[in-house]
Amino acid sequence: MNLIAFSTLACPHWPFETIIAKAVEYGYDGIEWRGGPDGHIQPGMPAVQKQTLQKMLMDTGLIAVALTAYTSFVSPSAKEQQSNIDELMRYTDLAAELDATYVRTFLGELPEGIKPDPSLYRNISDCLRVAAEYAESVGVKIAVEPHDDFVRSSTVAPIFNQPQSPDALRVI
């Protein structure tokens, strides 16, 4: 069965109640919740807010299809890479709490004048592998959205052609 869902990217100022009411009114099956600093959900949101959201979804029969994390894996800095892995893992935990199947993420925007090279692809793949293995352990998958400097299949495919590319990683 194919489900129809929408992203809250389209309604940044609507509260949860309006989003859910409109999803039901318009006949949607699910919602992709936008995260990040401007999104509707964040890993650090209060537990009571997460529980209320989950109850509202359950009461209406809607599902949380995915959450969007605004992470980036193009930095050469190991500290920054780890920070983004940690952030993606926090979103994975939130996805598990909301029974969402996916956390959608981005690869990042390259600094001006920098071109993708084998070491960059290896670093991105390594970061995603760590996050995807963790996600799999809590029943969630990481979905990579081709975006920014990674919109062409020729710039995305090398990430998935790295050794040990995890099964819990998808391109959407």
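As a reminder, the structure under discussion sits directly above these lines.
Computed from a predicted model, the values in this text were never measured in an experiment.

Draft legend 1. Structural context of the nonpolar core. In terms of nonpolar packing, the biggest core is built from 44 residues, with Ile31, Trp33, Ile41, Ile124 and Phe150 touching the most fellow members. Considering every element that reaches this core, the biggest residue donor is helix H4 (residues 118-137), with 8 residues. In contact with tryptophan 33, not counting residues within four places along its chain, are Thr8, Phe16, Ile19, Ile20, His40, Ile41, Leu53, Leu57, Ala64, Ala66, Leu67 and Thr68.

Draft legend 2. Geometry of the packing of H4 against helix H5 (residues 153-160). As a packed pair, H4 and H5 sit with axes 8 Å apart at the nearest point and diverge in direction by 60°. For the element pair H4 / H5, the angle class is oblique. Between H4 and H5 lies a crossing whose hand is right-handed. Contacts between H4 and H5 pair Tyr121, Ile124, Ser125 and Leu128 from the former with Ser154, Thr155, Pro158 and Ile159 from the latter. Taken together, the residues of the contact of H4 with H5 sort by class into 5 nonpolar, 3 polar and no charged.

Draft legend 3. View of the pattern of salt bridges. This model, assessed by the stated rule, comprises 7 salt bridges. In this structure, glutamate 87 engages arginine 90 in a salt bridge whose closest nitrogen and oxygen atoms are separated by 2.7 Å. In this pair, glutamate 87 and arginine 90 are both assigned in helix H3 (residues 78-97), 3 residues apart and thus about one turn of the helix distant. What makes arginine 90 partly exposed here is its relative accessible area of 40%. Notably, a salt bridge pairs glutamate 145 with arginine 104, separated by 1.8 Å at the nearest N-O pair. Of the two residues, glutamate 145 sits in the loop between strand S5 (141-144) and H5 while arginine 104 sits in strand S4 (residues 102-105), which places them 41 residues apart along the sequence. With respect to class, glutamate 145 is no different from arginine 104; both count as buried. Sharing partners across several salt bridges, the network here consists of Glu32, Arg104 and Glu145.

Rules behind the numbers
Residues numbered from 1 in each chain as written. Predicted model: local features only at pLDDT ≥ 70, side-chain atom pairs only at ≥ 80, totals over all residues. Heavy atoms only, no water. Core = buried A, V, L, I, M, F, W, Y, C linked by side-chain atoms within 4.5 Å. Buried < 20%, exposed > 50% of the residue type's maximum accessible area, 1.4 Å probe, protein only. Helix = DSSP H or I, 4+ residues; strand = E, 2+ residues; numbered from the N terminus. Contact = heavy atoms within 4.5 Å. Axes fitted to C-alpha atoms, helices over the stretch in contact; angles between N-to-C directions. Parallel < 35°, antiparallel > 145°, perpendicular 65-115°, else oblique. Left-handed = near helix turned anticlockwise from the far one by under 90°. Nonpolar A, V, L, I, M, F, W, Y, C, P; charged D, E, K, R; others polar. Salt bridge = Lys/Arg side-chain N within 4 Å of Asp/Glu carboxyl O.

Any link to function would need more than the numbers given here.
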